[in-house]
Amino acid sequence: MQKFFKIAMLSTVAALSIGAAQAQENVVWWDFLSGGDGVRMKALIEQFNTEHAGEITIQPTTLEWGTPFYTKVQTSAAIGEGPDVMTYHLSRVPLGVESGALAEMSAEDLSSVGLSADTFAAANWEAGQSDGKQYAVPFDIHSIILYYNKDKLAEAGLLGEDGKPTGLDGAENFMAALEKLKAVSETPLSVQTSGDGTPWRVFYSLLGQQDGVFLGEDGTFFPDETIPKAVKAVETMASWVEAGYAPALTEYENSVALFTSGESALHLNGVWEVPTMTDLAAKGELGFEWGAIAIPTFFDHPATWADSHGFAIPNNVGKEVTPEKKAAVLEVISWFNKNSLAWADAGHIPAYTPVRDSEEFKTKEPNATYSILADTAVFDPKSPLAGVASPVYDAVANYIAPAMNGELGAQEAIDEMKADLQDQAD
Amino acid sequence: MIRNYRREVAVAYLLILPFVLTYGILFLWPTIQMVYLSFTDAPLIGPGSWVGLENYYEMFDDRRFWTAVRNTAYFVALTVIPNTLIGLAIAMMVSRLKGWQQSLILAMFFLPYILPVSVVYRLWNWMFNIQFGILQYPISAIAGENINVFRTQWLFMPAVALVTIWWTCGFNILLFLAGLRSISPDIYEAASLDNANRWTIFRRITWPLIWPVTALVLTIQLILQLKIFDQVYLFVQGGRPDPSMVMVQYIYSLAFQKNQGGYGATVAVALFVIVIVFSVLQFQLLRARGEK
């Protein structure tokens, strides 16, 4: 009898302690999201923690975007001090894999929480792969869009029957539209013309619209047949500045300010500035009606640069992941994708197809208007030299932005950029 | 008393042991590691395989490396001597003041030195701002229009040099002031009895007697400015990084952005050698001149 009690007590204790262990599954989370989308991500994390109270708790930390984040991930993973899960640009997966900072995710693990190739757009899912192995799960698709000032466009007669901008497709038509807008707006088109960022995103979109190949299969940057297309893309961008439609030497923040202050009628920038507009409009500080559409088709067919925020697991050297921890991390990745409708408030397009196809998203503005770009997205070239805050971005700041300002010729810019990148790759 | 020589040596070694250990672990060992790394193709983290002198061959053929060397040399030329001379001039003016006035003025000149570089960057970036910067008034008066100084290639380095001198001059002033105070007033008194004018006093008394301090300041400046990174890195943000790339920035870009730890170490070794050669050479030269 005593023995029975003993066993009963022991098993109760054991059961309780397992329960307690599960109850305290902490998931250390790193991201690089500050500003408007950071606020929205924090709200999602809180919602997750509330819904999983007593099971999983996310412990979030926000780090500096760009090179500092990716360096920290790499160094911390190498000594087993990385987080359990982190946000990761899919464009940076090649470097992460090359430097051994990312852990592979098995198809079984992912499908155990309902994530697989069929639940994402094909190009998007593949952007998280290297050599056919999955290293990151997409969370959103973010791209550049054309923000517009409805009042100014109406004045210039550029609004169609449906209240959406019209007559912007085609490089010449776009110039003509800018000419019309010049009458109602000092600087009709606000676009970043100094540094990397927007110049890269616009350039890569224009290249994609002509089926240009940035990085060939054999590792050549700008293969010969692409060069004229790249030059044409740069010339088009430079023509906006040369004609006085877009401001010269303008940095990112200033390009946003030009639009939000009502000075520019059009603004080329990422979807992540949607919260800026939404919040300003909600506070009544914008002073005009705004909207956003997918960027016009300047050349042969629609195509837009895109990148994704995804989730990745660092390859924490010497740190064993318990099955419970693994299950918790997978639950986090899956839950965030299934609840990514809220993330669309940050301007992004949900990567998870069921959410993108849902009624709620299809009626969500302005996202729904530009969500077609999910299908025409061209993701960053797959190379450790490419992706956010990469040598390719630097090369854009060194050659393409100066070409936009007329400091370099278009042909010269492309030639030098090619030589520079090739030199770095070999 | 009989001195136990052995014992004394043992105690001496024991006393310097903590220093030797710290120095060895924190300075010597990493330096040796760096040199070793430069012969490998290591990434940022983890070991690489031995490639012999390949990195060095690559470096001598590397356009960016030479750009970085040129820019660093240019920056050194723009800052080291001007910063020293301005420091001396201000120190001589400050030394004429007495009591609280001197302390106040000195404090004002020293203030920028205690600011972190990020604050210095913010201040000057704002003052040079093309639309709202206060410095655009004199600039437009001279040039006829506002100029985006940090985006104009030929103005970039001089502007950063100006900011650097403003930022670091306070320390030089302090060193010079200490040097000036150590010159005995009797010498000046004797000179004025001989009816020496101010220029002669400076040339024959102050300049030779302050020379050891000048040599020290020049050497410190040289080493410091060869390692320039922060200001250039910050001011170029949002612009074109390559044309104004300096050596430490190139090392940073190689190792952290491009994951080439081995090659980054090679450039670091090159910088290390340049710093050692130039500073030793300069210090010896200056000392020799001073002893004449």
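- By the naming in an unreviewed UniProt entry, chain B is Sugar ABC transporter permease, taken from Devosia aurantiaca.
- Comment text from UniProt for chain B, heading Subcellular location (unreviewed entry), reads "Cell membrane".
- Under the Sequence similarities (unreviewed entry) heading, UniProt states for chain B: "Belongs to the binding-protein-dependent transport system permease family."

- Named according to an unreviewed UniProt entry, chain A is Extracellular solute-binding protein originating from Devosia aurantiaca.
- Recorded in UniProt for chain A, the comment headed Sequence similarities (unreviewed entry) runs: "Belongs to the bacterial solute-binding protein 1 family."

### Some remarks on the overall build of chain B
No. 1: Each helix and strand in chain B was counted, giving 12 helices and zero strands.
No. 2: The C-alpha extent of chain B, read off along each of the three principal axes, is 85 × 75 × 35 Å.
No. 3: With 292 residues in all, chain B has 33% of them scored as buried.
No. 4: Residue pairs in contact within chain B that sit at least 24 positions apart in sequence constitute 71% of those at least 6 positions apart.

### Examining the sheet that holds strand 12 (residues 309–312) of chain A
Residue and element names in this part refer to chain A.
No. 1: The sheet built from five strands is open, its strands ordered 2-1-3-12-6 with mixed pairing. Since the sheet does not close on itself, it has two edges, and those belong to strand 2 (56–62) and strand 6 (136–138), each with one partner. Pairs of neighbouring strands in the sheet enclose a mean axial angle of 30°, with direction left out of account.
No. 2: Across the sheet, helix 13 (residues 323–338) touches strand 1 (25–31), strand 2, strand 3 (85–89), strand 6 and strand 12, and the angle it forms with strand 1 is around 50°.

### Observations regarding the domain arrangement of chain A
Residues and elements named next belong to chain A.
No. 1: Here chain A is described as being made up of domain 1 (2–139 + 308–369) and domain 2 (144–305 + 390–425).
No. 2: With nine residues of domain 1 at the contact, the number on the domain 2 side is 10 residues.
No. 3: Considering every element that reaches the side of domain 1 that touches domain 2, the biggest residue donor is helix 2 (residues 35–51), with three residues.

Cut-offs used in this document
Residues numbered from 1 in each chain as written. Chains lettered and ligands numbered in written order. Predicted model: local features only at pLDDT ≥ 70, side-chain atom pairs only at ≥ 80, totals over all residues. UniProt positions renumbered as here; feature names shortened; annotations may be inferred. Helix = DSSP H or I, 4+ residues; strand = E, 2+ residues; numbered from the N terminus. Buried ≥ 20, exposed ≤ 12 C-beta atoms within 10 Å, placed from the backbone. Contact = placed C-beta atoms within 7 Å. Pairing = 2+ DSSP bridges. Axes fitted to C-alpha atoms, helices over the stretch in contact; angles between N-to-C directions. Domains from an automatic or database assignment.

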